[in-house]
Amino acid sequence: MLVTISRLYGASLEGKDGRVGTVKDVLFDGQDWKVRYLDVDTGKWLPGRRVILSPAVVHSADHANQQLTVPLTRQQVEDSPPLEAEIPVSRQKEMELARYYAWGTYWASLEASRGKAETQGTSNLRSTRAVSGYHIRAMDGEIGHVDDFIMDDEAWENGPWEIRYLIVDTGRWLPGRHVLVPPLWAESIDWETRRVEVGLTRELIERSPEYDPEEPVNRRYEEVLYDYYGRPRYWAGSGHAV
């Protein structure tokens, strides 16, 4: 099932002995767009404390009621390694958290694919809240901005969650219209100027299948989208249900 990231904001995290907190942000890897952590607001029971949890600990998700269950106690969360509120999460902190919670270290596979020197000591984590609003620049000019993200939650059981699409609001170019662009099609992302460069023309994006925020994205829509752009389908050969 494909769900918007914004639906996770405010979702409750229910632990073994009560509510752990609510999701206030989602942190993803800026290179492969895989979701790495949920940034959790612990509310009044643990005020002023920053907590992040790997999606690996999520046992089940009820999106309709905005509820996630995690097999953790409040004490486990309270005793977890502390994090500075406004400082980016370092790889050292990620290692401490992985040891404490005994969840996997995703960067081992990144070192194999990107090289140890490139990934050692760096985490490259980005906030979905911060990236919302980034400008989308086509080959021949701007075409809109990032309004939201669509995540593949099939990965709850099959691996890391993945951001499949950027929801692009075409704004003053095509008022009231939204289109989807897979982030892996981006040619570059400038984090300083808040801009995503895509190797597509404005006209191609403008004429792409329209996305209705009120309707869930189904496989038929995805087939039409990928056929329109002439791109290989990400699910081909994956074994995922169609």
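Sequence order sets the numbering: in each chain, residues are counted from 1 along the sequence as written. With the structure being a predicted model, the display of local features is reserved for residues of pLDDT at least 70 and the display and counting of side-chain atom pairs for 80 or more, all residues being used for whole-chain, interface and lining totals. Water and hydrogen atoms were dropped before computing side-chain values, which therefore reflect all heavy atoms in the structure.

### Structural notes on the layout of surface pockets
The gaps of empty space that remain are located by a probe, the size of a water molecule, rolled over the atoms.
Then step 1. The space that makes up the largest pocket amounts to roughly 340 Å³.
Then step 2. If you go around the largest pocket, you meet 17 residues; those closest to its centre are Thr-4, Arg-7, Tyr-211, Pro-213 and Glu-215.
Then step 3. Of all the elements in the fold, those that place two or more residues in the lining of the largest pocket are strand S1 (2-4) and strand S10 (141-152). The pocket and cavity definitions rest on a 1 Å grid over protein atoms only: a 1.4 Å probe that fits but cannot leave marks a cavity, an open set with protein on both sides within 12 Å along at least five of seven lines marks a pocket, and residues lining either have an atom within 4 Å of a point. Grid points are joined across faces, edges and corners, and a volume is the space filled by probe spheres set on the points. Secondary structure elements are taken from DSSP: a helix is a run of H or I of four residues or more, a strand is a run of E of two residues or more, and numbering for both begins at the N terminus.

### Looking at unusual backbone geometry
Then step 1. At Ala-102, a residue that is not glycine, the phi angle is positive and equals roughly 60°.
Then step 2. One can find Ala-102 in the loop between helix H2 (91-101) and helix H3 (107-114).
Then step 3. Looking at Ala-102, the relative accessible area reads 67%, which means it is exposed.
Then step 4. The backbone phi angle of Arg-194 is positive, close to 55°, even though this residue is not glycine.
Then step 5. Structurally, the position occupied by Arg-194 is in the loop between strand S13 (186-190) and strand S14 (195-198). Accessibility here uses a 1.4 Å probe with only protein chains present; expressed as a share of the type maximum, an area under 20% marks a residue as buried, one over 50% as exposed, and anything in between as partly exposed.

### Points about helix H8 (residues 219-229)
Then step 1. Every buried residue of H8 is accounted for by Arg-219, Tyr-221, Glu-222, Glu-223, Leu-225, Tyr-226 and Tyr-229.
Then step 2. In what follows, residue pairs with any heavy atoms lying within 4.5 Å of each other are defined as contacts. Buried residues along H8 sit in contact with S1, strand S11 (162-169), strand S12 (178-181) and helix H7 (202-206).
Then step 3. Side-chain atoms alone can form a polar contact between residues adjacent in sequence; in general such a contact is a pair of N or O atoms within 3.5 Å, and within protein one must be able to donate a hydrogen while the other accepts it. A side-chain oxygen of the first residue of H8 lies 3.3 Å from the backbone nitrogen of Arg-220; this N-cap is Asn-218.
Then step 4. One or two residues past the end of H8 sits Gly-230, with phi positive at roughly 70°.

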